[in-house]
Amino acid sequence: MAARLPASLATVFAALPDPSYVLDETGRVLVCSQAGARTVGRLPEELEGRHWGELGFPPEELARLETARARVMLIQDTCQLEAPWATQTGPRSHALTLSPLPSEDGGPGCVLVTARALTDAEAVFSRAMELELAARAEVEQAERRRSFLYQAMTTLFTHPPDPQGMYTLLAHLAVPDLADWCLVDALEQGPWVTRVAAACLDPTQQERSGALPTRTELRDDAAVGLLRVLRTGEPELVPAVTDSLLRAAAAEPAHPALLRLLQARSYMIVPLRARGHTLGAVTFVSSGSGRRYGPDDLALAEDLCLRASLAIDNARLVGESRRAARAREDLLAVVSHDLKNPLGVVQLGAALLLRGAGAKPGGESVAKQATRIQDATERMSRLISDLLDWGRLEAGGLPLEWGEHGVAGLLTEALDSIRPLAEAKGLHLSVELPAADVRVRCDKVRVLQVLGNLLGNAVKFTTAGGDLMLGAQARGGEVSVHVRDTGSGIAPDALPHIFDRYWQARDAASRGTGLGLAIAKGLVEAHGGGIQAESTLGEGSVFTFTLPSAGASASHAVHPPLARRATDA
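In this text the structure is predicted, and so the values were computed from the model without any measurement. The residue count restarts for each chain, going from 1 along the sequence in the order it is written. Where local features are concerned, this predicted model is filtered to residues with pLDDT of at least 70; where side-chain atom pairs are given and counted, the filter is 80 or more; whole-chain, interface and lining totals use all residues. Each side-chain value is derived from all of the structure's non-hydrogen atoms; neither hydrogens nor water enter the calculation.

**Q** Teacher, can you tell me more about the side chain of Ser286 here?
**A** Looking at where Ser286 falls in the secondary structure, it is placed in strand S11 (residues 277-286). Given the relative accessible area of 0%, Ser286 is considered buried. Aside from chain neighbours lying at most four places away, what touches Ser286 is Asp180, Gln263, Ala264, Arg265, Ser266, Arg291 and Tyr293. Strands here are runs of E lasting at least two residues and helices are runs of H or I lasting at least four, both read from the DSSP assignment and numbered beginning at the N terminus. Each residue's exposure class comes from its accessible area (1.4 Å probe, protein chains only) as a fraction of the maximum for that residue type: buried when under 20%, exposed when over 50%, partly exposed otherwise. Residues are treated as being in contact if the distance between any of their heavy atoms lies within 4.5 Å.

Spelled out as structure tokens, the structure:
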């Protein structure tokens, strides 16, 4: 093989002081220097024809060295690298220089390899540089993983709350950063698991996933694969898929069939868990890329699946909430139509009884019963109206007829409506009207509903001879309206809950729906205002709410398609 070098060049080459070798296109030694032969304790003739991997380099370095040689052959450029080398004088780091030697006859070229032992100082510096590069690579890898997780989390949590769409998104997020193939399986009601999403690095291979079963029955004795992960809730990591592993998994035929079909070389299966429940599992498969999964990859996959589980669980909860809201709307529609219509018939019948048999001599008993029927139907009608109002408020669909109205007129009308009940109970009424002509932007009917609720409660819980005062005053861009009474007051532990829906004090003398104050709060907030209560037990209470002044730039919680313009005379 030395014949490929001119005799004069071969003589000079043999005398080079540093270990030197000429390699052919396959990496075999064509010729080596005397120093190169002495370094490995051989004669030059003994090395000729041997692969340079037999020169004593550590096995773990051979792949890197061979890659460097192939690159020099390909790009015809010099490459320098450092590698440990077990020479006659013991293992020591060497600086290797690989240089291309073009062929004179146009055939495959050769590679010249020269080696120089590093001094102690150079070895220490090289080791320090190696550690620094390793630390930097670790930091960069950690940063890439954090960036990947952040982007994945942002993408998942900004996606519309659709579980199926999130499964598909999760599969595509994992490819290619984590896998060549990603399969997502979700648990169903009952003993079944369904393939809900699949993604592949090579789109032309995507149809392979269609050959896999899409629905599998759970088993308690599964020892490996997806069913084991779903049963135990623990991840499964296999760095290398071997024939022995496939044979060992023969008891679970679907698992080795999947690995063979996807040409898996390594895989991970990670459960999707949220709030203590398993939602499904994600299978990450490495095939064509040759990646081997390790503990760091498993940790990243678990972080991704944890975030995905939270997003998917949130999407499921949103879906359940929406279904509950639709069910509530359907119920409200039934209440509105199927209860109010018969109730109207009952009310009409009671009125006819009062005007007919109840108005005749001796009809006092009929009139008494008809009056009771009317009172009961009025209470039921108010209950139905409260339920409908609350349902619309929660759904954000309560229509408001916006207009500019005088505060004095609103207060006077509200007080007049409650006056007969208050006077019948012996209460003293008073009103404090604003000094100027103050106007507010509101829905008059709804504001009167709020005032009627607050005043009705004040009358209900104020003993005979007590005082009830209604007032308002302008404050900046809003008007503050207050209702003050000298009633029994509200206990300190009950005060924070009075605006909660369906809440009532345990010692309340009169039981209602528990929605009055909740509806009042919702109506005030729909106008862009706020409501609060102050109370001293045994002395009375003050309820205060605000409304936007007419012309103020306050923002209103109003839905434009539902708002209509109205102005009082």
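So that's the structure; there's more coming.
**Q** What is the right way to read the domain arrangement of the chain from this model?
**A** When the parts of a complex come together, some accessible area is lost, and that lost area is often taken as the interface size. When cut into domains, the chain gives domain 1 (7-118), domain 2 (122-155), domain 3 (156-312), domain 4 (321-395) and domain 5 (403-548). One C-alpha centre belongs to domain 1, the other to domain 3; they are set 46 Å apart. Boundaries of every domain are those given by an automatic assignment or by a domain database.

**Q** How do you make sense of empty space enclosed by the protein when you look at a structure like this?
**A** To find leftover empty space, a probe the size of one water molecule is rolled over the atoms. In this analysis the probe radius is 1.4 Å and the grid spacing 1 Å, with only protein atoms considered; a cavity is a set of points the probe fits into but cannot get out of, a pocket is an open set with protein on both sides within 12 Å along at least five of seven lines, and lining residues have an atom within 4 Å of a point. Grid points are joined across faces, edges and corners, and a volume is the space filled by probe spheres set on the points. Within the structure shown, the criterion is met by two cavities of 30 Å³ or more. As a volume, the largest cavity reaches approximately 220 Å³. Arg195, Leu226, Ala254, His255 and Leu258 are, among the 18 residues lining the largest cavity, the residues nearest its centre. Each residue is assigned to one of three groups, with Ala, Val, Leu, Ile, Met, Phe, Trp, Tyr, Cys and Pro labelled nonpolar, Asp, Glu, Lys and Arg labelled charged, and all others, Gly among them, labelled polar. In terms of residue class, the lining of the largest cavity is made up of nine nonpolar, five polar and four charged. The computed volume of the second largest cavity comes to approximately 50 Å³. Together, Val407, Leu410, Leu411, Val440, Val447, Leu451, Val479, Val481, Phe545 and Leu547 line the second largest cavity. Listing elements by their share of the lining of the second largest cavity, those giving two or more residues are helix H12 (407-424), helix H13 (444-460), strand S16 (478-485) and strand S18 (540-548). Tallying contributions element by element places H12 first for the lining of the second largest cavity, with three residues. By residue class, the composition of the lining of the second largest cavity is 10 nonpolar, no polar and no charged.

**Q** Would you take a moment to explain the side chain of Arg145 for this structure?
**A** Tracing the sequence through the fold places Arg145 in helix H5 (residues 120-158). Those residues in contact with Arg145 that sit more than four places away from it in its chain are Asp296, Asp297 and Leu300.

**Q** Help me understand the sheet that holds strand S2 (residues 29-32), please; the structure alone is not making it clear to me.
**A** In a beta sheet, neighbouring strands are held together by backbone hydrogen bonds and run either parallel or antiparallel to one another. Here, a strand pair is defined by DSSP locating no fewer than two bridges between the strands. Pairing is antiparallel across the open sheet formed by five strands, whose spatial order is S2-S1-S5-S4-S3. The sheet is open, and its two edges are formed by S2 and strand S3 (79-87), each paired on a single side. For this sheet the average axis-to-axis angle between neighbouring strands, irrespective of direction, equals 30°. The pairing of strand S1 (residues 20-23) with S2 spans three bridges and is classified as antiparallel. When the sheet's bridge partners are listed, Val22 is paired in S2 with Val31. Of the strands in this sheet, S1, S3, strand S4 (90-101) and strand S5 (110-117) are in contact with helix H4 (residues 59-75), which crosses S3 at around 145°. Structural elements are reduced to axes, namely lines fitted to C-alpha atoms, with helices fitted over the stretch in contact, and the angle between N-to-C directions of any two is expressed from 0 to 180 degrees.

**Q** Which parts of the structure should I look at to understand the packing of aromatic side chains?
**A** By convention here, two paired aromatic rings are described through the distance between centres and the angle between planes. Aromatic rings from Phe, Tyr and Trp, with only the six-membered ring used for Trp, were paired whenever their centres fell within 6.5 Å, and each pair was classed as stacked if the ring planes differed by under 30 degrees, edge-to-face if by over 60, and tilted otherwise. Tallied over the entire structure, the rule returns four aromatic pairs. With a centroid separation of 6.0 Å and an interplanar angle of 70°, the aromatic rings of Trp52 and Phe57 are classed as edge-to-face. For Trp52, a relative accessible area of 3% translates into the label buried. Overall, the relative accessible area of 8% leaves Phe57 in the buried class.

**Q** Please clarify how the environment of Asp386 should be interpreted in this entry.
**A** As for its position among the elements, Asp386 is in helix H11 (residues 364-395). Between the C-alpha atoms of Asp386 and Val285, which are 101 residues apart in sequence, the distance is 57 Å.

**Q** Would you take a moment to explain the sheet that holds strand S10 (residues 266-274) for this structure?
**A** Taken together, six strands build an open sheet; the order of strands is S8-S7-S6-S11-S10-S9 and the sheet is antiparallel. Every other strand in the sheet has two partners, leaving strand S8 (215-217) and strand S9 (236-238) as the edge strands with one partner each. Each strand axis lies, on average, 20° off the axis of its neighbour in the sheet, ignoring direction. Pairing analysis gives six bridges linking strand S6 (residues 181-187) to S11, with the strands arranged antiparallel. Each residue of the ladder has a partner; that of Trp181, found in S11, is Val285. Lying over the sheet, helix H9 (residues 254-261) contacts S6, strand S7 (192-200), S9 and S10, oriented at roughly 120° with respect to S10.

**Q** I tried to follow the nonpolar core on my own but got confused; where do I start?
**A** Generally speaking, soluble globular proteins have nonpolar side chains that are buried together. For the purposes of this section, nonpolar cores are sets of buried Ala, Val, Leu, Ile, Met, Phe, Trp, Tyr and Cys residues that join through side-chain atoms within 4.5 Å. Core analysis: the largest hydrophobic core is formed by 47 residues, its most contacted members being Leu451, Leu470, Val481, Phe543 and Phe545. Considering each element in turn, this core owes the most residues, eight residues, to H13. If sequence neighbours within four positions are ignored, Leu470 has contacts with Leu411, Leu415, Ser430, Val431, Glu432, Leu451, Leu455, Val481, His482 and Val483.

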